[in-house]
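Here are the chains, one letter per residue:
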Amino acid sequence: MRDEDVRLMLAFGAGDAAAFDALFRRWAAPLLRYLERMVRDHAAAEELVQEVFLRVHRARDRYVPEARFSTWLYRIATNLALNELRRPHLRRPHRSTDDEDAAPLAAETPAADDAADARRMGQAAWRELGRLPEKQRAALCLSAVEGLSYAEVARALDVTEKAVKALVHRARSTLAQRLKTGD
Amino acid sequence: MPEIAATCLAYEEELSALIDGELSVEREVEVRAHLDACARCRARVEELCNVDLALASAELPAVPGELRQRLAARIARDAAEVRAAPRRAPPRRAFRRLTAPAAGLAAALALALYATLRSAPTPEAPVLVAGPEPRPEVVEPLVPVVPEPAPLELAREPAPDLGEAELDALPEEVLAVVMELDTIQDYDVIANLDLLERFLDLGEGAG
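Residues numbered from 1 in each chain as written. Chains lettered and ligands numbered in written order. Predicted model: local features only at pLDDT ≥ 70, side-chain atom pairs only at ≥ 80, totals over all residues. Heavy atoms only, no water.

Peer 1: Would you mind showing me how to read the overall build of chain A here?
Peer 2: Scanning chain A from terminus to terminus reveals 9 helices and 0 strands. The helix and strand sequence of chain A, counted from the amino end, reads α-α-α-α-α-α-α-α-α. Per-residue burial for chain A yields a buried fraction of 57% across its 183 residues. Restricting the contact set of chain A to residue pairs at least 6 apart, pairs at least 24 apart contribute 63%. Within the structure as shown, chain A displays about 7,500 Å² of accessible surface, and the carbon and sulfur contribution to it stands at 48%. (Helix = DSSP H or I, 4+ residues; strand = E, 2+ residues; numbered from the N terminus. Buried < 20%, exposed > 50% of the residue type's maximum accessible area, 1.4 Å probe, protein only. Contact = heavy atoms within 4.5 Å. Areas by Shrake-Rupley, 256 points an atom, 1.4 Å probe, with all protein chains shown as cover.)

Peer 1: How should I be thinking about the interface of chain A and chain B in this particular structure?
Peer 2: Often the size quoted for an interface is simply the accessible area lost on bringing the parts together. Contact with chain A, which involves 49 residues of that partner, is made by 46 residues of chain B. Buried area between chain A and chain B, summed over both chains or domains, comes out near 4,400 Å², and the portion from carbon and sulfur atoms is 56%. Taken together, the links from chain A to chain B amount to 8 salt bridges. A salt bridge links B:Glu47 to A:Lys180; the shortest N-O distance between them is 2.8 Å. Counting every contact that joins chain A to chain B gives 17 residue pairs in polar contact (both at pLDDT 80 or more). The set of elements that each furnish at least two residues to the side of chain A that touches chain B consists of helix H2 (17–39), helix H3 (42–58), helix H4 (69–85), helix H5 (115–121), helix H6 (123–131), helix H7 (134–145) and helix H9 (161–181) of chain A. Per element, the largest residue contribution to the side of chain A that touches chain B is 11 residues, and it comes from H9(A). For the side of chain A that touches chain B, the residue count by class is 24 nonpolar, 9 polar and 16 charged. (Buried area = accessible area lost by both parts, 1.4 Å probe. Salt bridge = Lys/Arg side-chain N within 4 Å of Asp/Glu carboxyl O. Polar contact = N/O pair within 3.5 Å; in protein donor to acceptor, adjacent residues only side chain to side chain. Nonpolar A, V, L, I, M, F, W, Y, C, P; charged D, E, K, R; others polar.)

Peer 1: Any chance you could explain the packing of aromatic side chains here in plain terms?
Peer 2: Residues and elements named next belong to chain A. Within the structure shown, the criterion is met by 8 aromatic pairs over all chains. Ring centres of Phe20 and Phe53 lie 6.1 Å apart, and the angle between their planes is 85°; on these two criteria the pair is classed as edge-to-face. Residue Phe20 is found in helix H2, and its partner Phe53 is found in helix H3; the two are separated by 33 residues along the sequence. Look at Phe53 and you get buried, because its relative accessible area is 0%. Put simply, the rings of Phe12, Phe20, Phe24 and Phe53 pair up and form one aromatic cluster. (Phe/Tyr/Trp six-rings, centres within 6.5 Å; stacked < 30°, edge-to-face > 60°.)

Peer 1: Would you mind showing me how to read the confidence of the model for chain A here?
Peer 2: Close reading of the predicted structure is inappropriate where its pLDDT is low. The predicted model of chain A has a mean per-residue pLDDT of 85, with 80% of residues at 70 or higher. Per-residue pLDDT stays below 50 along residues 91–110 of chain A; that stretch engages in 39 contacts with residues further than four places along the chain or on separate chains. (pLDDT = per-residue confidence, 0-100.)

Peer 1: Help me understand the side chain of B:Asp52 in this model?
Peer 2: Mapping B:Asp52 onto the fold places it in helix H4 (residues 39–55). Residues in contact with B:Asp52, not counting those within four places in the same chain, are A:Ala144, A:Arg172 and B:Ile19.

Peer 1: Looking at this model, I keep getting lost on the environment of A:Leu157. Mind explaining?
Peer 2: Residues and elements named next belong to chain A. Note on placement: Leu157 falls in helix H8 (residues 150–157). On the basis of relative accessible area, Leu157 is assigned to the buried category, the value being 6%. Considering only alpha carbons, one finds Leu157 and Leu142, 15 residues apart in sequence, at a separation of 9.7 Å. Contact partners of Leu157, with chain neighbours within four places excluded, come to Thr78, Lys135, Ala138, Ala139, Leu142 and Leu167.

Peer 1: When you look at unusual backbone geometry in this model, what are you seeing that I'm missing?
Peer 2: For residues other than glycine, phi is negative in most cases, and the peptide bonds are mostly trans. Residues and elements named next belong to chain A. For Arg40, which is not glycine, the phi dihedral falls at a positive 65°. With respect to the helices and strands, the residue Arg40 is situated in the loop between H2 and H3. Even without a glycine there, the phi angle at Asp158 is positive, about 60°.

Encoded structure:
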């Protein structure tokens, strides 16, 4: 089997608890990185990592490998992140109803808990990434950082590949401009 | 976005896809030919690549050691809740006929489950039927009528749709579970018996 993760997930479904641990070891850190950048809060990101694996655990008897395991994993993570970002306590009064033009929900300066990732990627990039609309941020992170193909990003975001191409380019272009000018 | 020369416009949207290796062979050849001749677009590619450099981390974040333990505790609680959920024949309750769609796919899928659970004795032919009127002193939520033990299957026909009035009438905790389906539908966990049982319990406990 080409996808080792699929093999592990099927083994877990067959009763191999160690396979689940192996999946956790392989994917907890990348998921944490992705979710931190999406929800902009380290504690919330850790909770969401747990939530992702809880759903993986629940789905063990019904898992059918239709795509790469990581695509499925990031789809779960993206749905959870987008739901987290849309929770009422995070909404600002002026939030647009147009998702692509929506003001970002994240804080513009990292809190102490988030400082670690900000240091890893630079304060300015962290700040500007948080200013991107959610789906642009997700598309760019999944493609440029997590290494998913556009087809996989499309499945994770439930959009077309053409939309992914536009989302990624818009996100990169916006960040390029803002990082260059300090806007 | 900075002003782009007309000749470069046709290639601008392709530059990210080029960086990501997502262009067809033919299109990549065309874009690279343009880059060979256009200093502006070459600079643009470098600008876009710098974004990726800025986003890249030297290392992955550290996963706290206790995260796995917290996960184990949650999984154990999850399993305990499933075991503790009483298995009983639910009482027959009234429910309303469903009307024209207003809700999103999450609600439609939830209603697919409703339809299945409420179906006539043959699960493969889910049917919505009107039940008896509720007792006047009890506010009845939209609660499924669950048949005697039968294999659970997803509805084969298009899911009936909830009207806004029906959605508004759902108790908050039931609606929360319905909305939660939106996050898990795509990986087919709507067949998850744990969630279904929780859903039924919430429906019975509400009102």
